[in-house]
Every structure is written in C-alpha cells, then in structure tokens.
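Architecture and fold: a report
Residue-level listing of the chains:
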Amino acid sequence: MPTLRHHDTIAVLDLGDGENRFSPDYLTELHTHLDTVVEEGAHALVTTATGKIWSNGLDLDWLQANNDRAAEYVEAVHTLFARVLTLPMPTVAAIGGHAFGAGAMVAMAHDYRVMRADRGYFCFPEADIRIPFTNGMAALIQAKVTPKTAIASMTTGRRFGGADALAVDLVDAIAGEGEVLDTALALVAPLGGKDQPTMTAIKSVMFADVLDALRRGRG
C-alpha cells in the first residue's frame, strides 16, 4: 500500500514495493494520502516507489473477478487521473522502475517525469493485451506528447528505456541508480509555494478537454 512522507515542504508519496496495481482499496489509500497532501499545503508532490516496479496500473485480476463492476472501476481510475492532473501544486513522478499501462498514465498526469536511466520500462501495452484506450486515457496521453510520440507509444506496445523515453519526451529527465528521487526533488523544489486555488484553476483550463473526456467515462 502507498505511504506518505515529507522532504521539507515537499510531499513524497511512495506507491509501495510491489506491483502497485490500482485495486479499489489501493485507490482509496491513494486518495486519502492526496487529501493530506492538499490539506497540509505541501509546496510540491513527488511520487516514487520502493521496488523494481513503479506501477503496473490496472488490477486485471480484480477486474476479471468483478467484471460486473468494470464501468465503475474504470470511472474510479479516470477519477485518479483527473485528480493528479489538477493537483494544486507542482508534481513530478520519480520513476525508478517499470511504469506500465494505467501506471504510466498516472505518471503522465504529473507535471513532470524523471526516470531511471539504466533500468525500467515505460510502456503502454494496450495494443498487445487487447485493451483499447478509453477516450479519457487517450486524451490524457495525447495532451502531454506530440502526435509522433503518441503513435510510437500507443499503437506499438513498445517498452521505452529511460534514454529512449527521454528522446521522445515521455519523460523530462533521466538519472542514475539512487539518484531518481533526488533529481525529482531538485526539479520541483524551486517551483512550489504557489496559491492552491490558482494552480488548480490554471491546470483545469489547460486540460479542460482531457478532464471532459475522463468524466465522460468509457465512451
């Protein structure tokens, strides 16, 4: 399960040391921590993970066992994307391991991404696992990358290492082993301390089309 700590005025959300898949209980825990981040007025948020996986995204085992709740589940995942996208402070995903599918999408919802240079893959595997993107998922990714990168990442299932992800602007920086979190903290530290309602308003306008697509659900 995720845990929350602080580095000075920066909140550090650790997704955990497992696959960090988004089960309903896991999503509830994430929102609880994000509530704390906002209520305490953190100047910035860094989202990291402890193990070799940053996040593998959707909990497909839970979804298969609860197929009658699929629409409800996708709506909950969309809600997480929308919330991270509009958090009232600068945000950076410190990706020290694999980020797959909806996990990679949560990373895209952050303002910035730092990835380990020598280990881990950033991947949208939907084309290979026969799970089409929802309108909201596609809108989120396409709002953050060029059309060329969208085609290269969304239609191929390609696994991007750190250097390749940086080359196509899926991430903003890469760092060596043990340096991903520090690099993320250094990136976001000078940007914090802005008025929360103003930050949310700016992001909500910037990504109005994405938010609309996420709120429309699966259609």
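In this report, the structure presented in the accompanying data block is examined. Quantities reported herein were computed from a predicted structural model and do not represent experimental measurements.

1. Considerations on the overall build of the chain
Scanning the chain from N- to C-terminus turns up 11 helices and 12 strands. The C-alpha radius of gyration computed for the chain amounts to 16 Å, which stays within 12% of the reference 17 Å derived for 219 residues, consistent with globular compactness. In terms of principal-axis extent, the alpha carbons of the chain reach across some 45 × 35 × 30 Å. Among the 219 residues that make up the chain, the fraction classed as buried is 52%. Looking at the chain alone, contacts between residues at least 24 apart form 74% of all its contacts between residues at least 6 apart. For the chain, the computed accessible surface area is about 10,000 Å², with 51% contributed by carbon and sulfur atoms.

2. Some words on a nonpolar patch on the surface
The grouping of Leu 60, Ile 129 and Ile 131 at the surface amounts to a nonpolar patch, some 210 Å² of accessible area in total. Structurally, Leu 60 is set in helix H2 (residues 60-65).

3. Focus: the packing of helix H3 (residues 70-85) against helix H4 (residues 102-109)
At a minimum axis separation of 8 Å, H3 and H4 run at an interaxial angle of 25°. By the angle between their axes, H3 is roughly parallel relative to H4. Across the interface between the two elements, Leu 80, Phe 81, Val 84 and Leu 85 from H3 touch Ala 102, Met 105, Val 106 and Ala 109 from H4. Considered class by class, the residues forming the contact of H3 with H4 number 8 nonpolar, no polar and no charged.

4. Re the layout of surface pockets
Looking at the largest pocket, its volume works out to about 510 Å³. Put simply, the parts of the chain that give the lining of the largest pocket at least two residues each are strand E6 (57-58), H2, H3, strand E8 (98-100), H4 and helix H5 (126-129). Approximately 150 Å³ is the volume attributed to the second largest pocket. Considering the residues around the second largest pocket, the lining is formed by 15 residues, among which Ala 49, Gly 96, Arg 116, Gly 178 and Val 180 are closest to the centre. Its residues placed into classes, the lining of the second largest pocket shows 4 nonpolar, 7 polar and 4 charged.

5. What about helix H11 (residues 208-215)?
Turning to H11, its buried residues number three or more, namely Val 210, Leu 211, Ala 213 and Leu 214. On an axial view of H11, the arc spanned by its buried residues comes to 160°, and they lie on one face. Those residues of H11 that are exposed and angled more than 90 degrees off the buried face are Asp 209 and Arg 215. As for H11, its buried residues are in contact with H3, helix H6 (135-144) and helix H10 (196-206).

6. Re the packing of aromatic side chains
Each pair of aromatic rings is reported with the distance of its centres and the angle of its planes. Applying the stated rule across the entire model yields 4 aromatic pairs. Ring centres of Phe 22 and Tyr 26 lie 6.1 Å apart, and the angle between their planes is 35°; this geometry places the pair in the tilted category. You'll find Phe 22 and Tyr 26 in the same group, each marked buried. When the centroid spacing of 6.3 Å and the interplanar angle of 75° are considered together, the rings of Phe 124 and Phe 133 count as edge-to-face.

7. Some thoughts on empty space enclosed by the protein
In total, this model carries 1 cavity of 30 Å³ or more according to the counting rule given. Within this model, the largest cavity holds a volume of roughly 90 Å³. In this structure, the largest cavity is lined by Leu 13, Leu 15, Phe 22, Leu 30, Leu 34, Leu 45, Thr 47, Leu 80, Val 84, Val 106 and His 110.

8. Looking at the nonpolar core
Phe 22, Trp 54, Phe 81, Phe 122 and Phe 124 are the most contacted members of the largest nonpolar core, which totals 57 residues. For this core, the element with the highest residue contribution is H3, accounting for 8 residues. Discounting chain neighbours no more than four positions away, the residues touching Phe 22 are Leu 27, Leu 30, Ser 55, Gly 57, Leu 58, Asp 59, Tyr 73, Leu 80, Ala 102, Gly 103 and Val 106.

9. Topic: the environment of Ala 42
Considering the arrangement of structural elements, one finds Ala 42 in the loop between helix H1 (24-39) and strand E4 (44-48). Accessibility expressed as a relative area gives 9% for Ala 42, which makes it buried. The contacts of Ala 42, once residues within four sequence positions are left out, are Thr 9, Ala 11, Val 37, Met 89 and Gln 196.

The rules behind these values
- Residues numbered from 1 in each chain as written.
- Predicted model: local features only at pLDDT ≥ 70, side-chain atom pairs only at ≥ 80, totals over all residues.
- Heavy atoms only, no water.
- Helix = DSSP H or I, 4+ residues; strand = E, 2+ residues; numbered from the N terminus.
- Rg over C-alpha atoms; globule rule 2.2 N^0.38 Å.
- Buried < 20%, exposed > 50% of the residue type's maximum accessible area, 1.4 Å probe, protein only.
- Contact = heavy atoms within 4.5 Å.
- Areas by Shrake-Rupley, 256 points an atom, 1.4 Å probe, with all protein chains shown as cover.
- Patch = residues over 30% accessible without salt bridge, like charges linked within 9 Å, V, L, I, M, F, W, Y side chains within 5 Å.
- Salt bridge = Lys/Arg side-chain N within 4 Å of Asp/Glu carboxyl O.
- Axes fitted to C-alpha atoms, helices over the stretch in contact; angles between N-to-C directions.
- Parallel < 35°, antiparallel > 145°, perpendicular 65-115°, else oblique.
- Nonpolar A, V, L, I, M, F, W, Y, C, P; charged D, E, K, R; others polar.
- 1 Å grid on protein atoms, 1.4 Å probe; cavity = no way out; pocket = protein on both sides within 12 Å on 5 of 7 lines; lining within 4 Å.
- Points joined across faces, edges and corners; volume = space filled by probe spheres on them.
- Arc of directions from axis to C-beta.
- Phe/Tyr/Trp six-rings, centres within 6.5 Å; stacked < 30°, edge-to-face > 60°.
- Core = buried A, V, L, I, M, F, W, Y, C linked by side-chain atoms within 4.5 Å.

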